[in-house]
Amino acid sequence: MSLYFDAASILTSPSTGGSFKSRIYSSRSKASPAQIYALITETSKWDVLLKEVIENAGILSLEHKLTPLLALLLVHDHLFAKNGIAAPATHPLRQAVERHKTRLKAEFVKARVRRGCATVEQLKAAVSREKKEKNKSIQNTTDYYPRWIRINNLRTSLEEQLGSTFSSYRRVDSLAQLAQEEDDENGPCLYIDPHIPDLVAVAPSGVDFSGSTAYKNGEIILQDKASCFPAYLLVGDAGANGQTWQGNIVDGCAAPGNKTTHLASILHKRQPNDKKRKIFSMDASQTRSRTLQKMVSLAGADDIVTILPGQDFLAVDPCDTRFADVTGLLLDPSCSGSGIVGRDDVPVLTLPAAATTKTQPTGKKRKRKHDDNYNSEENKKPPQNGMNTTDENDLPTSSDPERLVKLSNLQARIVEHALSFPAATRVTYSTCSIHSVENEGVVSRILNSDVAKRRGWRLLRRDEQCAGLQAWKYRGIREEAGSENSSALSLSDSDLDACIRCWPGEEGLGGFFVTGFVRDQEGNGEDQDEEEEEEWEGFSD
Ligand SMILES: C[S@@+](CC[C@H](N)C(=O)[O-])C[C@H]1O[C@@H](n2cnc3c(N)ncnc32)[C@H](O)[C@@H]1O
C-alpha cells in the first residue's frame, strides 16, 4: 500500500526543483521508484476518465478514508493494472475501492459507451484526444519548458540521431505544436531548434533520456537552449568560404562542463582534422572539476580539452606561455541564478471533486491528508531555487541587492582579466541571472574599464553575431523594473542590441544573458595604447 501513499506524497510535496524522476529517486520511498513512476504516468494518461468514473460512482462521499488523489491512483490500478490494487485484499483502502467494484465497472462502461468506443484501446485514444484538446486551450509556449537535447558532434551527428534515438519521433514546426501534441497517439514529437545548430527539443514528460544508450555514450547531452548560446556566440558560424577558428580557447569557469563540451563539439564538426586547437578548461572548485572531467571524457573531448582542476581563473597569468595562442575566452562565472526555472515535469492530475459532506474529526488536530495541497497555487509554481545534478550554477539563488553587487564585482573582475590575454580577440560573458546589475551593468563597467579602453575592446555587434543569434529577438534592456542603479548604464542602443537576453517562461527557456566582446586584431594583437606610449617615449628621448 505504501506505493499509493508514496506516489501521493511525491505529487503533493512542494517542489524543490529537479526532474520528476529525480524527485522520485531521491524521495526515500518504500515502494520501488520504477513502480511509483509508472503508477503516476499511467494515471495521468487516464485522469479525466477516472475523475468522471469516481464522481459518477459517488465513492468519495461513501468512503471517508479515500482522498481524491488516493482514489484516482487506486481506481486506476483497480480498473487497469493486471493484478489490480497492489495491496493485501484485507487492506482498508483496497476494500474501500473494491466494495464499489460493480458501481465502478458500470460507470467505466458508461464512460466508454458515451465516447462511442468499442475497446479499451479506442477509449485510450479518445481520452488522449480529449486531453490534447484541453491542453490546446490552456497551453502556448509561455511557461512551457521542453527537454532540450544537444547532439554531440564528437560522437555522432544530428542525421545519425534522427535515424536512431529519435527514429520514432515526428517532426513538428514550433514549440507550440510540441506543447499541443504532447501525449499524441501518433507518437512522440521532436522540434529542431532554428537558432542553435544540432539542438532539438522533445516533450518534457516523454522518455527519460538519462537512461538512454545515446546519453550514456555521450552522443546526446541534456543542455538547455540558452546555455548553448555562449559557445556558439564565441566561435560563430563557419564563414561562407570555410572560415576556421584560429587559436586556442579558455573556458575560465567551466564546471560542470556543458559549454566546454559544446565548444569542443562545434570545433570538431567544423575542423575535424585540426589537431592543433586546444580548449583550456578550468574551475576553481575541485569537486566540480571532477564532474567537469567526467563530462569531458563522456563527450569524447579528452584530446581537445585540457582541464586545469581547481584552478582559480583570476590567479592565472595571462602571459603564461601556455596561453600565448589563446584567441577566445568564454566566461560563465557564478551568478545569482535568478533566471533558473526548475523543470517541473511532474504530471498535474485532474482530480475528482472531494466529497462535500465529509466531516472532519473534532477534538484533535486533523491529520494532514496527502492531497491537501495538491493542485494548490504554491505547488504549481515553478521552483525558483531548485538545484539538480545538471545545474550549471553552483549557488542557490538569492537576489539580495548586496549580494548582487558583490557578485557583479567578481563577474566584472573575471571578464576584465580575460580581456588582458595577449592574443585574445573574442570573449563572451554570460549569466543565468535576470538582473541588470549582473548583466548590462557588468558590461557597461567592463567597457569603461582601463583594460578594455587600452586594448580596444568593444561589443560584438548584432550584425556581426552568428546567424542564429542575430535572429534571436530578446536583447539587452536599459532599465530593470524597480532597479535603482540603471542610471549607471552607459550603453548605447547598439550596445544593448549586442546583448542577448532570455526570459523565464519565454520560448521554453529560463532567464539568461550573454554578450560578446571583440577587439580588432591590429599590430599582431599587441596592446595598441602601449605601442603608442612606447612610440611616444621614443619621440621624447
Ligand atoms: C555557472 S557555473 C559554470 C557553468 C559551466 N560554464 C557550464 O556550462 O557547465 C560557474 C562556475 O564558475 C566557477 N568559478 C567561480 N569563480 C571562479 C574563478 N574565479 N575561477 C574559476 N572558476 C570559478 C564555479 O566553481 C562554478 O563551477
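From a predicted model like this one, the values you see are computed outputs, not experimental measurements. (Residues numbered from 1 in each chain as written. Predicted model: local features only at pLDDT ≥ 70, side-chain atom pairs only at ≥ 80, totals over all residues. Heavy atoms only, no water.)

In terms of helices and strands, the protein chain carries 21 helices and 13 strands. Looking at the protein chain alone, contacts between residues at least 24 apart form 77% of all its contacts between residues at least 6 apart. Here the protein chain has roughly 24900 Å² of accessible surface; of this, 49% comes from carbon and sulfur atoms. (Helix = DSSP H or I, 4+ residues; strand = E, 2+ residues; numbered from the N terminus. Contact = heavy atoms within 4.5 Å. Areas by Shrake-Rupley, 256 points an atom, 1.4 Å probe, with all protein chains shown as cover.)

Feature annotation in UniProt assigns "active site" (unreviewed entry) to the following positions: C432. Among the secondary structure elements, C432 is positioned in the loop between β10 (426-431) and α17 (440-447). (UniProt positions renumbered as here; feature names shortened; annotations may be inferred.)

Our next topic: helix α1 (residues 2-12). The buried count for α1 comes to eight of eleven residues, which makes it a mostly enclosed element. By the burial criterion, the buried members of α1 are L3, Y4, D6, A7, A8, I10, L11 and T12. (Buried < 20%, exposed > 50% of the residue type's maximum accessible area, 1.4 Å probe, protein only.)

The next subject is the UniProt feature "binding site: S-adenosyl-L-methionine" (unreviewed entry) in the protein chain. Within this structure's numbering, the places UniProt gives as "binding site: S-adenosyl-L-methionine" (unreviewed entry) are C253, A254, A255, P256, G257, N258, K259, D283, D312 and D332. As for its placement among the helices and strands, G257 is situated in the loop between β6 (248-251) and α13 (258-270). On the basis of relative accessibility, which here comes to 0%, the residue G257 falls in the buried class. Discounting chain neighbours no more than four positions away, the residues touching G257 are L292 and M295. Positionally, N258 belongs in helix α13.

Glancing now at the sheet that holds strand β4 (residues 199-202). The strand order across the open sheet formed by five strands is β2-β3-β4-β1-β5, and the pairing between neighbours is mixed. Where the open sheet ends on each side, the last strands, each with one partner, are β2 (170-172) and β5 (220-222). Across the sheet, the axes of successive neighbouring strands diverge by a mean angle of 35°, strand direction being ignored. When strand β3 (residues 189-192) meets β4, the two strands line up antiparallel, connected through three bridges. Following the sheet pairing, I192 is matched in β4 by V200. Strands β1 (147-151) and β5 of the sheet are contacted by α13, whose axis makes an angle of about 40° with β1. (Pairing = 2+ DSSP bridges. Axes fitted to C-alpha atoms, helices over the stretch in contact; angles between N-to-C directions.)

Attention now goes to the pattern of salt bridges. Following the criterion strictly, the structure yields 22 salt bridges and no others. One salt bridge connects K225 with D193, and the closest N-O pair in it is separated by 2.6 Å. Here K225 is found in the loop between β5 and α12 (229-235), whereas its partner D193 is found in the loop between β3 and β4, with 32 residues between them in sequence. Neither residue differs from the other here; K225 and D193 are each classed as buried. Between E464 and R458 there is a salt bridge, with the nearest N and O atoms lying 2.9 Å from each other. Accessibility expressed as a relative area gives 26% for R458, which makes it partly exposed. (Salt bridge = Lys/Arg side-chain N within 4 Å of Asp/Glu carboxyl O.)

Before going further, it helps to spend a moment on α13. For α13, with 13 residues, the first-to-last C-alpha span of 18 Å sits near the 18 Å given by 1.5 Å per residue. Within α13, ten of the 13 residues are buried, which leaves the element mostly enclosed by the surrounding structure. Residues of α13 that are buried: N258, K259, T260, T261, H262, L263, A264, S265, I266 and L267. (Expected span 1.5 Å × (residues − 1).)

Moving on: the domain arrangement of the protein chain. Think of interface size as the accessible area that goes away when the parts come together; that is how it is often given. When cut into domains, the protein chain gives domain 1 (2-137), domain 2 (143-222) and domain 3 (224-348 + 397-520). Taking only C-alpha atoms into account, the centre of domain 1 sits 29 Å from that of domain 2. (Domains from an automatic or database assignment.)

With that settled, the discussion passes to the packing of α1 against helix α3 (residues 33-57). Relative to each other, α1 and α3 sit at 70°, their axes nearing to 10 Å. With respect to α3, the axis of α1 lies roughly perpendicular. Here the hand of the crossing between α1 and α3 comes out right-handed. Across the interface between the two elements, L3, Y4, D6, A7, I10 and L11 from α1 touch Q35, I36, L39 and I40 from α3. In the contact of α1 with α3, the residues fall into eight nonpolar, one polar and one charged. (Parallel < 35°, antiparallel > 145°, perpendicular 65-115°, else oblique. Left-handed = near helix turned anticlockwise from the far one by under 90°. Nonpolar A, V, L, I, M, F, W, Y, C, P; charged D, E, K, R; others polar.)

With that settled, consider the packing of aromatic side chains. Applying the stated criterion across every chain yields a total of eleven aromatic pairs. Among the aromatic residues, those joined into a cluster by ring pairs are F280, F313, F323 and F421. (Phe/Tyr/Trp six-rings, centres within 6.5 Å; stacked < 30°, edge-to-face > 60°.)

To continue, consider the confidence of the model for the protein chain. Per-residue pLDDT for the protein chain averages 84, and the proportion of residues at 70 or more is 80%. Low pLDDT, under 50, characterises residues 357-390; the stretch is placed with 66 contacts to residues that sit more than four places away or in other chains. Contacts for the low-pLDDT stretch residues 529-541, under 50 throughout, to residues beyond four places or in other chains number five contacts. Predicted complex, confidence summary: ipTM 0.99, pTM 0.72. (pLDDT = per-residue confidence, 0-100.)

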